Amino acid sequence: QVQLVESGGGLVQPGGSLRLSCTAPGFNLDYYAMNWFRQAPGKEREGVSCISAFDGPTYYTDTVKGRFTISRDNAKNTVYLQMNNLKPEDTAVYYCASDLNRSNCVGVPKDLVVGSWGQGTQVTVSS
C-alpha cells in the first residue's frame, strides 16, 4: 500500500493563507489523478479539488473556487493546495489522496474506489 504524506497545515486567521503539500516517498505520482479532501468535526468528508495527470484539467468544489488552487510538480513528486482568503468554515483535517483508478479527474469525487491516502493535516481558521 502507498502512504501519502501531507504537510503545511496550521492555525491561521480569517483571510490568511496556507499552502498544503503532499508527497509519496518511494512512489511515483505522475500518472494519477490527485485529490484533496477535507473533513470537519461532525461533518461528512468532502472532496475539495482534483488535478489530472500531466497538468490536465482541475476541478474545485464551489465553496473554494476562486480561493484555492491545486497544482503539481512532477519533478518534486508533490501536489500542492494553495489556500487563500481562508474562512472559519475551511477548518478541517485535509487529506491528500491518489486515485489509483484513473489519470484524469472527473469532477470532484466524493470518495475514491481505489485510493492511497495520507494521514491528514489540520487546518484551523480562527481569530
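Further up the page is the structure itself.
This text gives an overview of the structure that appears in the document. These numbers come from a predicted model, not from an experiment. Along each chain, numbering runs from 1 in the same order as the chain's sequence is written. Local features in this predicted model are restricted to residues whose pLDDT is 70 or higher, and side-chain atom pairs enter the listing and the counts only when it is 80 or higher, whereas totals over whole chains, interfaces and linings include all residues. Values reported for side chains reflect all heavy atoms of the structure, with hydrogen atoms and water molecules removed beforehand.

## Considerations on the overall build of the protein
Only DSSP runs of H or I with at least four residues qualify as helices, and only runs of E with at least two residues qualify as strands; both kinds are numbered from the N terminus onward. Scanning the protein for helices and strands turns up 0 helices and 11 strands. Beginning at the N terminus, the succession of helices and strands in the protein can be written as β-β-β-β-β-β-β-β-β-β-β. Radius of gyration: C-alpha atoms only; globule rule: 2.2 Å multiplied by the number of residues to the exponent 0.38. Against the compact-globule benchmark of 14 Å for 127 residues, the protein has a radius of gyration of 13 Å, which places it among compact chains. Expressed as lengths along the three principal axes of its C-alpha atoms, the size of the protein is roughly 40 × 25 × 25 Å. Buried means the residue's accessible area, taken with a 1.4 Å probe over protein chains only, is under 20% of the maximum for its type, while exposed means over 50%, and partly exposed covers the values in between. Expressed as a percentage of the 127 residues in the protein, the buried residues total 46%. Summing over all exposed atoms, the protein offers an accessible surface of approximately 6,500 Å²; the carbon and sulfur share of this is 48%. Neither His nor the chain termini are counted; the positive set is Lys and Arg, and the negative set is Asp and Glu. To locate a charge, the coordinates of NZ of Lys, CZ of Arg, CG of Asp or CD of Glu are taken. Within the protein, the 11 negative side-chain charges are centred at a point lying 3 Å from the centre of the 11 positive side-chain charges. Accessible surface is estimated by sampling points in the Shrake-Rupley manner with a 1.4 Å probe; for residues, cover comes only from the protein chains shown.

## Concerning the packing of aromatic side chains
Pairing of aromatic rings covers Phe, Tyr and Trp, the last counted by its six-membered ring, and requires centre-to-centre distances within 6.5 Å; plane angles under 30 degrees mean stacked, over 60 mean edge-to-face, and any other angle means tilted. Applying the stated criterion to the full structure yields 4 aromatic pairs. Centre to centre, the rings of F27 and Y32 are 5.6 Å apart; their planes meet at 20 degrees, and the pair counts as stacked. Plain terms: the ring middles of Y95 and W117 are 6.4 Å apart, the flat faces sit at 70 degrees to each other, and that makes the pair edge-to-face. With Y95 in strand β9 (residues 92–99) and W117 in strand β10 (residues 115–117), the pair connects residues that are 22 residues apart, well separated along the chain. By the ring-pair criterion, three or more aromatic residues cluster together here, those being F37, Y95 and W117.

## Overview of the pairing of strand β3 (residues 18–23)
The side chains of a regular strand alternate, first on one face of the sheet and then on the other. For two strands to be treated as a pair, DSSP must find no fewer than two bridges joining them. Bridge count for strand β1 (residues 5–7) against β3 is 3 bridges, and the pairing is antiparallel. Within β3, the position partnered with S7 by the bridge is S21. Pairing of β3 with strand β8 (residues 78–83) involves 6 bridges; the strand directions are antiparallel. Bridging across to β8, S21 finds its partner in Y80.

## Some remarks on the nonpolar core
Core analysis: the largest hydrophobic core is formed by 25 residues, its most contacted members being M34, W36, F68, V79, L81, M83 and Y94. For this core, the elements supplying multiple residues, two or more each, are β3, β4 (33–39), β5 (46–51), β7 (68–73), β8, β9 and β11 (121–125). F37, Y95, A97 and W117 belong to the second-largest nonpolar core, a separate cluster that totals 5 residues. The term nonpolar core refers to a set of buried residues drawn from Ala, Val, Leu, Ile, Met, Phe, Trp, Tyr and Cys, joined through side-chain atoms within 4.5 Å.

## Description of the state of the cysteines
By definition, disulfides here are pairs of cysteine sulfur atoms that lie within 2.5 Å. Applying the stated rule across the entire model yields 2 disulfides. The disulfide partner of C22 is C96, and the gap between their sulfur atoms is 2.0 Å. Between C22 and C96 the disulfide shows an S-S torsion of about -80 degrees. By sign, it is left-handed. With a gap of 74 residues between them, C22 in strand β3 and C96 in strand β9 connect regions that are remote in the sequence. Taking the relative accessible area as the measure of exposure, C22 reaches 1% and is therefore buried. The class of C96 is buried, set by a relative accessible area of 0%. Each sulfur in the disulfide pair C50 and C105 lies 2.0 Å from the other. Taking the sign of the S-S torsion, -85 degrees for the link of C50 and C105, the bridge is left-handed. With C50 in strand β5 and C105 in the loop between β9 and β10, this pair connects stretches of sequence that are 55 residues apart. Each member of the pair, C50 as well as C105, is classed as buried. Taken in sequence order, the bonded cysteines of the protein link in the pattern 1-3, 2-4.

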